[in-house]
Amino acid sequence: MKMIQKIEQPEAKFDLYFMGYDSPKAASHGNHFTDREGLIELTHNYGTENDPEYKVSTGNAEPNKGFGHTCISVDNIQAACQRIEDAGYKFQKKLTDGRMRHIAFALDPDGYWVEVIGQNPVDKTEGVKTTDLQTYRMNHTMIRVKDQERSLKFYKEVMGMTLMRTSENKDAKFNLYFLGYPGDAGVPTTSANGVNPTADREGLLELTWNYGTEKDENFKYHNGNDQPQGFGHICVSVDDLDAACKRFEDQGINWKKRLTDGRMKNVAFILDPDNYWIEVVQNEKYRQRANW
């Protein structure tokens with residue numbers, strides 16, 4: 001990845017780093033950071049690097065499960081995983097671990113999980129020793145949801161997303177739902193080579209629903225912003241920020257921060273049914289507002 005944008009906030013003692021793929025082969029090459037489909041925002045609070053006791057909540061350990069992982073898709077998954085391992089990084093799950101031999105999970109320096117999936121069939125890339133970083137995609141972010149029907153309704157009707165793919169795992173008692181904005185590429189039905197039809201996309205949202213959680217009135221997921229902190233939010237950029245926020249208001253959504261709240265007048269935060277935060281910003285392609 002490349003650092004696409006850095007926003008320094010010295011008075012508040014934190015900096016923001018927006019990371020993404022920006023080669024000529026990248027999905028959003030050369031675009032403004034608010035006009036990209038797949039970015040990862042890293043928030044650094046000053047001084048944490050000097051605290052040997054500091055650690056984040058990754059969202060994958062009880063009792064604070066919620067956020068699951070980010071995901072990158074790669075051309076040749078065996079070669080890509082070997083490159084990560086050769087660089088000294090650890091894995092939560094290697095390709096050869098468990099039943100699912102077509103995905104891996106690497107660990108970043110804070111212990112967050114990064115899923116690695118292939119854009120080509122695993123059996124076709126078995127003997128390939130090279131990997132082209134320019135073809136990589138920041139494919140999706142995964143969060144766990146309590147009630148799949150309520151969450152799907154919210155992300156489709158409120159956020160305007162389209163359900164791109166569903167993966168039912170009845171034996172393991174969970175389903176995966178992949179949502180996003182189809183754009184010019186449309187909604188995929190099949191892929192040319194038989195792999196995951198959304199593997200070449202960026203900026204998707206994966207909802208993981210474990211059967212039965214919706215029936216437990218006391219069940220809830222950790223949103224990453226309550227203590228202990230880790231995951232912060234997803235973000236959607238819109239054509240007209242004021243109009244979008246008025247629409248959200250008219251729909252009766254729950255706010256974490258309205259545009260008029262606080263010092264930052266160019267961002268808003270709404271809450272999804274599980275109280276995950278969703279940042280809403282102006283896509284500067286359509287209208288300049290913040291002069292980031």
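Refer to the structure printed above.
Residues numbered from 1 in each chain as written. Predicted model: local features only at pLDDT ≥ 70, side-chain atom pairs only at ≥ 80, totals over all residues. Heavy atoms only, no water.

Draft legend 1. The arrangement of the sheet that holds strand S3 (residues 40–45) in detail. Strand order in the open sheet formed by three strands is S1-S2-S3, and the pairing between neighbours is antiparallel. With one partner strand each, in any of the chains shown, strand S1 (2–9) and S3 form the two edges of the open sheet. Here the strands of the sheet are splayed against their neighbours by 20° on average, with no regard to which way each runs. Inspection of the sheet shows S1 paired to strand S2 (residues 14–20) by seven bridges, in the antiparallel sense. Each bridged residue has a counterpart across the sheet, and for Met3 the counterpart in S2 is Met19. (Pairing = 2+ DSSP bridges. Helix = DSSP H or I, 4+ residues; strand = E, 2+ residues; numbered from the N terminus. Axes fitted to C-alpha atoms, helices over the stretch in contact; angles between N-to-C directions.)

Draft legend 2. Here's a closer look at the environment of Tyr46. Along the chain, Tyr46 falls in the loop between S3 and strand S4 (67–74). Since its relative accessible area comes to 36%, Tyr46 is described here as partly exposed. Not counting residues up to four positions away in its chain, the partners in contact with Tyr46 are Gln9, Pro10, Lys13, Phe14 and Asp15. Within the structure, Tyr46 has its side chain in polar contact with the side chain of Asp15 (distance 2.7 Å). (Buried < 20%, exposed > 50% of the residue type's maximum accessible area, 1.4 Å probe, protein only. Contact = heavy atoms within 4.5 Å. Polar contact = N/O pair within 3.5 Å; in protein donor to acceptor, adjacent residues only side chain to side chain.)

Draft legend 3. Seen up close, helix H2 (residues 148–158). Taken together, the buried positions of H2 are occupied by Gln148, Ser151, Leu152, Phe154, Tyr155 and Val158. By the N-cap criterion, in which a side-chain oxygen at the helix start approaches the backbone nitrogen of a residue two or three places on, H2 is capped by Asp147, the distance to Glu149 being 3.1 Å. One or two residues past the end of H2 sits Gly160, with phi positive at roughly 75°.

Draft legend 4. The pattern of salt bridges, seen in detail. The full count for this structure, using the stated rule, is 12 salt bridges. Across the salt bridge formed by Glu85 and Lys94, the nearest N and O atoms sit 3.1 Å from each other. On the accessibility criterion, Lys94 (36% relative accessible area) is partly exposed. Asp240 is the partner of Arg287 in a salt bridge, and the nearest nitrogen-oxygen pair spans 3.0 Å. Here Arg287, found in the segment after strand S15 (277–282), pairs with Asp240, found in the loop between strand S12 (233–238) and helix H3 (241–250); they are 47 residues apart in sequence, far enough to count as distant. With a relative accessible area of 42%, Arg287 lands in the partly exposed category. Each member of the salt-bridge network shares a partner with another, and the members are Lys2, Asp22 and Arg36. (Salt bridge = Lys/Arg side-chain N within 4 Å of Asp/Glu carboxyl O.)

Draft legend 5. Structural detail: the pairing of S2. Burial analysis of S2 places six of its seven residues in the buried class, which makes it a mostly covered element. Taken together, S1 and the strand that follows it, S2, pair antiparallel across an intervening segment of four residues, in which Lys13 is found at a positive phi of about 65°. Across six bridges, the pairing between S2 and S3 is antiparallel. Across the sheet, the residue bridging to Phe18 is Glu41, located in S3.

Draft legend 6. A look at the layout of surface pockets. Of the voids in this model, the second largest pocket is the one considered here, and its volume is about 690 Å³. Contributing to the lining of the second largest pocket are 30 residues, with Met100, Ile103, Glu115, Leu176 and Glu206 lying nearest its centre. Secondary-structure elements contributing two or more residues to the lining of the second largest pocket are strand S6 (103–107), strand S7 (113–118), strand S8 (137–145), strand S9 (162–169), strand S10 (174–180) and strand S11 (204–210). For the lining of the second largest pocket, the element with the highest residue contribution is S7, accounting for four residues. Per-class residue counts for the lining of the second largest pocket are 14 nonpolar, 11 polar and five charged. (1 Å grid on protein atoms, 1.4 Å probe; cavity = no way out; pocket = protein on both sides within 12 Å on 5 of 7 lines; lining within 4 Å. Points joined across faces, edges and corners; volume = space filled by probe spheres on them. Nonpolar A, V, L, I, M, F, W, Y, C, P; charged D, E, K, R; others polar.)

Draft legend 7. Spatial organisation of the pairing of S9. The pairing of S9 with S10 spans seven bridges and is classified as antiparallel. Within S10, the position partnered with Ser167 by the bridge is Leu176. In textbook terms, the turn of a hairpin is the stretch between consecutive antiparallel strands, and for S9 and S10 this stretch comprises four residues, one of which, Lys173, has a positive phi near 65°.

Draft legend 8. Region of the structure containing the environment of Val56. Structurally, Val56 can be placed in the loop between S3 and S4. Exposure remark for Val56: the relative accessible area of 16% places this residue in the buried category. The spatial distance from the C-alpha of Val56 to the C-alpha of Leu204 is 24 Å, given a sequence separation of 148 residues. Contact partners of Val56, with chain neighbours within four places excluded, come to Asp110, Tyr112, Gln229 and Gly230.

Draft legend 9. Spatial organisation of the packing of aromatic side chains. Counted according to the given criterion, the structure contains 10 aromatic pairs. Consider the rings of Phe18 and Phe33, whose centres lie 4.7 Å apart with planes at 45°: the pair is tilted. Taken together, the residues span a long stretch of sequence, with Phe18 in strand S2 and Phe33 in the loop between S2 and S3 at a distance of 15 residues. (Phe/Tyr/Trp six-rings, centres within 6.5 Å; stacked < 30°, edge-to-face > 60°.)

Draft legend 10. The arrangement of the state of the cysteines in detail. Applying the stated criterion to the full structure yields zero disulfides. Left without a disulfide partner, Cys81 is nearest to the cysteine sulfur of Cys71, which lies 11 Å away. Among the cysteines around Cys245, which has no disulfide bond, Cys235 carries the closest sulfur, lying 11 Å off. With a relative accessible area of 7%, Cys245 lands in the buried category. (Disulfide = S-S within 2.5 Å.)

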